[in-house]
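If you want the building blocks of each chain, they are given just below.
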Amino acid sequence: QRKHKHLIGDALAEAELAEQELDALQRAAGNDATRAHVRGIQIRVLLIANTLNKMMEIARLETDHEDE
């Protein structure tokens, strides 16, 4: 379980870094089409982060049940 939590935590950190880079790219975008494309990627990164957060919660609940 600890390995899973660590991997999920690493993936969440990478998703956060990607979001920061996408924010910078969004600000630098030269036209609406590029901004829309970057926004679509941002949404995908947020969906991935949301899924990873759900996975982390499941891992935490499983650890709590094992501790009981």
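Note: the structure precedes this text.
Residues numbered from 1 in each chain as written. Predicted model: local features only at pLDDT ≥ 70, side-chain atom pairs only at ≥ 80, totals over all residues. Heavy atoms only, no water.

Any details on the overall build of the protein? Residues and values, ideally.
Each helix and strand in the protein was counted, giving two helices and zero strands. Relative to the globule expectation of 11 Å for 68 residues, the C-alpha radius of gyration of the protein, 16 Å, shows a markedly less compact shape. Here the C-alpha coordinates of the protein stretch approximately 55 × 15 × 10 Å along the principal axes. Put simply, of all contacts in the protein between residues at least 6 apart along the chain, 62% involve residues at least 24 apart. Put simply, the protein shows about 5300 Å² of open surface, and 57% of that area lies on carbon and sulfur atoms. For the protein, the centre of its 9 positive side-chain charges and the centre of its 13 negative side-chain charges are spaced 5 Å apart. (Helix = DSSP H or I, 4+ residues; strand = E, 2+ residues; numbered from the N terminus. Rg over C-alpha atoms; globule rule 2.2 N^0.38 Å. Contact = heavy atoms within 4.5 Å. Areas by Shrake-Rupley, 256 points an atom, 1.4 Å probe, with all protein chains shown as cover. Lys, Arg positive; Asp, Glu negative; His and termini not counted. Charge placed at Lys NZ, Arg CZ, Asp CG, Glu CD.)

So what's going on with the environment of K54? Which residues, and what values?
Positionally, K54 belongs in helix α2 (residues 32-67). Along the chain, K54 and I8 lie 46 residues apart, while their C-alpha atoms are 9.9 Å from each other.

Any details on the nonpolar core? Residues and values, ideally.
It is characteristic of soluble globular proteins that their nonpolar side chains tend to be buried jointly. Listed in full, the nine residues of the largest apolar core are I8, L12, A15, L22, V38, V45, A49, L52 and M56. Breaking this core down by element, the ones donating at least two residues are α1 (2-28) and α2. With sequence-adjacent residues up to four places away left out, V38 is seen in contact with L22, L25 and Q26. (Core = buried A, V, L, I, M, F, W, Y, C linked by side-chain atoms within 4.5 Å. Buried < 20%, exposed > 50% of the residue type's maximum accessible area, 1.4 Å probe, protein only.)

Please set out α1 residue by residue, giving values where relevant.
Compared with an ideal rise of 1.5 Å per residue, which puts 27 residues at 39 Å, α1 spans 39 Å between its outermost C-alpha atoms and is within 8% of the ideal. Within α1, burial applies to I8, L12, A15, E19 and L22. (Expected span 1.5 Å × (residues − 1).)

I'd love a proper account of the side chain of E19, names of residues and values included.
Within the secondary structure, E19 is located in helix α1. This buried residue, E19, is left without a salt bridge; R39 holds the nearest opposite charge, at 5.0 Å. When near neighbours in sequence (up to four residues on either side) are disregarded, E19 contacts Q42, V45 and L46. (Salt bridge = Lys/Arg side-chain N within 4 Å of Asp/Glu carboxyl O.)

Would you mind going over the environment of I58 in detail, with residue names and values included?
Mapped onto the fold, I58 is located in helix α2. With 53 residues separating them in the primary sequence, I58 and K5 have C-alpha atoms 9.8 Å apart.

Describe the side chain of Q42, naming the residues involved and giving the relevant values.
Tracing the backbone shows Q42 in helix α2. Residue class for Q42 comes out buried when judged on its relative accessible area of 3%. Only 3.3 Å separates the side chain of Q42 from the side chain of E19, close enough to count as a polar contact. (Polar contact = N/O pair within 3.5 Å; in protein donor to acceptor, adjacent residues only side chain to side chain.)

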